[in-house]
Amino acid sequence: MERRPIPVLKSAYGRAGEIIFAHPYQDEKIIRTIRDTGIYLEIEVTNVKKKIIVDIFADFPDEQQKVKWKNYPMDELSPGRFKLDYKFSKCGLFEFKIKYSFDNGKTWFWDAGPVRKVLVDPPTMKSLRIYTLIPTVSGTISDWKKMLPGIRESGFNAVHLLPVTRMGSSESPYSAVNLFELDPSFLDPDDNNDGITQFEGFVEEAKKLGIKLFLDIVVNHISNESNLANDCSDWIVKDSNEKDGLKRAGCTHNNSWIKWEDLVLVNYAHNDPGISYEIWNYMYHYVDFWGNYADYTGGGLRFDNLHSSNSMFMIYITGKLKIDYPDLILIGEYFSSKENFYKNVPDWQLNLILGNPWEYRAAPDLRRYLRNIHTQGGLKYFLPLTTHDTGSPAEEYGSVCSTMARYVIYALMGTGQTGIVQGSETGIEKKIHFIGRNNKAVKSGNNDFREMFRIVNNILEEESVFQEIGNINFIDNNHSSIIGVVRSDIAGKSAWLLLVNLDIYKGATIVMNQKDFRLPFRWFKLVNVLNGREMNITDMVFDISLDQCEAKIFRIKE
């Protein structure tokens, strides 16, 4: 009788925890970097008793921007410690796995951890300052062109346009009847060119002024009056409870479901493969059509209602977009759990998630929100003052005087991406209602904040400390109305003190201790960049007073 052999018990993978991953990022779930900027990876192999070699197996792009899986040897720093410096020449999502050998490459073992992901962002995402222009209240395309110089003079380097596609009878920009046609109300009657040609003139003007365009994209739904719903009704999700048999889109608000009667759901999960292909192909051409214009200006796309969109379709279109337009910035209106963020942000290659700072009105809540953002290095948030869906600054924060106080927080205490909605610069009291072909200019408010926006925006653009993650130190001792932070580079050479009083009724005083500033020097001078006044700080404990809704921005000098 022949005995069968007993297999040798040997794993091709390293034991869990055998390799410790150490890198300059606080978030190991997604590594973020910027094109043409190097990343530094360092690992430690524990309990090593003999010499090993370590490689990274990755699909990183080469100098010709070609992507191919290959081995990248890591340099040994000391016994058991290895490093890799790498500069990405292309934007997009890349992956790698750590492997190591104890016999000079004859046998390789893999790290037991998951495949690690690197999301490389466009350099244009740094210091992104977006002005939301509402077409339905801004006249014709010719009028939009005239607005651009003023927007640029206020320090904004990008313009977000609500959808400009032809609207249905509900007159909502988000209820398109034709995805490739401009609404007639936007066309200049004195211009004999067709709508798309007129729009291309606007794109050229924006590019000439150095303004990036962000175009609103809606893939989840379309107007029930659209050519797609009428000519290809099989592309729409069915609902026998509706008179036309087409399922309506909607959203959850205050724990209740709001149905949008003018919007029907596109059926990306159609059970016929041929029809499914037609839907996906047509909708990608829609995204590509407008993405081409955004990319031309160095801008991007804003995906509306992304949390309701088909996940597999988003993987498909964003993957194709990043091939065709690798530097295109993708912003998602995406309200979900942190777990979904970590799963879908890399899969969808989202560069920015729309933050919701307006929901954190009190200082303690907003402080916790900002702390949370700075501990999630793998997720990057766009923090606008308000959005076109929310109320105005006066409505959201109780007073128009809160406009600049809140903007200083979102612009200089975030990670470098912020913006405002049309009308905020003149202090309008009520939000602009974007539904309806109004074609009338917005009436100005009673305040002019444009110079203050320019000052804050210039600081954000020129000082890189405000464009980083994790370099924020709260020194306000959990004050009930004042948020105070110190932001500085590693060496402390560029250091700033930001103080903002959120109280809209009365002033307040904050007491600070020099030791909490964590700077490499003891005594320093505070230079108020808003008025040029200087304060020599010679006491260990000192205080500063702020009026209601006041923000103070100090450069710290040794």
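All of these numbers come straight from a predicted model, not from anything done at the bench. (Residues numbered from 1 in each chain as written. Predicted model: local features only at pLDDT ≥ 70, side-chain atom pairs only at ≥ 80, totals over all residues. Heavy atoms only, no water.)

> Help me understand the packing of helix α9 (residues 402-412) against helix α10 (residues 450-462) in this model?
Angle between the axes and distance between the axes are the two parameters that describe a pair of packed helices. Relative orientation of the contacting elements α9 and α10 amounts to 10°, with a least axis distance of 10 Å. Classed by the angle they form, the pair α9 and α10 counts as roughly parallel. Seen from α9, the contacting residues are Thr403, Met404, Tyr407, Val408, Ala411 and Leu412; seen from α10, they are Met452, Phe453, Val456, Asn457, Ile459 and Leu460. (Axes fitted to C-alpha atoms, helices over the stretch in contact; angles between N-to-C directions. Helix = DSSP H or I, 4+ residues; strand = E, 2+ residues; numbered from the N terminus. Parallel < 35°, antiparallel > 145°, perpendicular 65-115°, else oblique. Contact = heavy atoms within 4.5 Å.)

> What is the right way to look at the side chain of Gln198 in this model?
If you trace the backbone, Gln198 turns up in helix α2 (residues 195-208). Judged by its relative accessible area of 4%, Gln198 is buried. Only 2.9 Å separates the side chain of Gln198 from the backbone nitrogen of Asp188, close enough to count as a polar contact. When residues no more than four places from it in sequence are discounted, the contact partners of Gln198 are Ile141, Leu187, Asp188, Asp191 and Asn193. (Buried < 20%, exposed > 50% of the residue type's maximum accessible area, 1.4 Å probe, protein only. Polar contact = N/O pair within 3.5 Å; in protein donor to acceptor, adjacent residues only side chain to side chain.)

> Is there a simple way to explain the sheet that holds strand β22 (residues 381-384) in this structure?
As a general point, the strands of a sheet are linked pairwise by backbone hydrogen bonds and lie either parallel or antiparallel. Ordered in space as β11-β12-β15-β19-β20-β21-β22-β23, the eight strands form a closed barrel in which the pairing is parallel. Neighbour-to-neighbour, the strand axes of this sheet turn through a mean angle of 30°, independent of strand direction. By the bridge criterion, four bridges tie strand β19 (residues 300-303) to strand β20 (residues 329-332) in an arrangement that is parallel. Directly across from Arg302, in β20, lies its bridge partner Ile331. (Pairing = 2+ DSSP bridges.)

> Help me out: how do you make sense of the sheet that holds strand β28 (residues 524-528) in this one?
Pairing is antiparallel across the open sheet formed by six strands, whose spatial order is β24-β25-β26-β31-β28-β29. Sheet topology places β24 (472-474) and β29 (534-537) at the edges, where each strand pairs with a single neighbour. Here the average twist between neighbouring strands, direction ignored, is 25°. Summarising the sheet, β28 and strand β31 (residues 551-557) pair through four bridges and their orientation is antiparallel. Residue pairing for β31: Val527 is matched across the bridge by Arg555.

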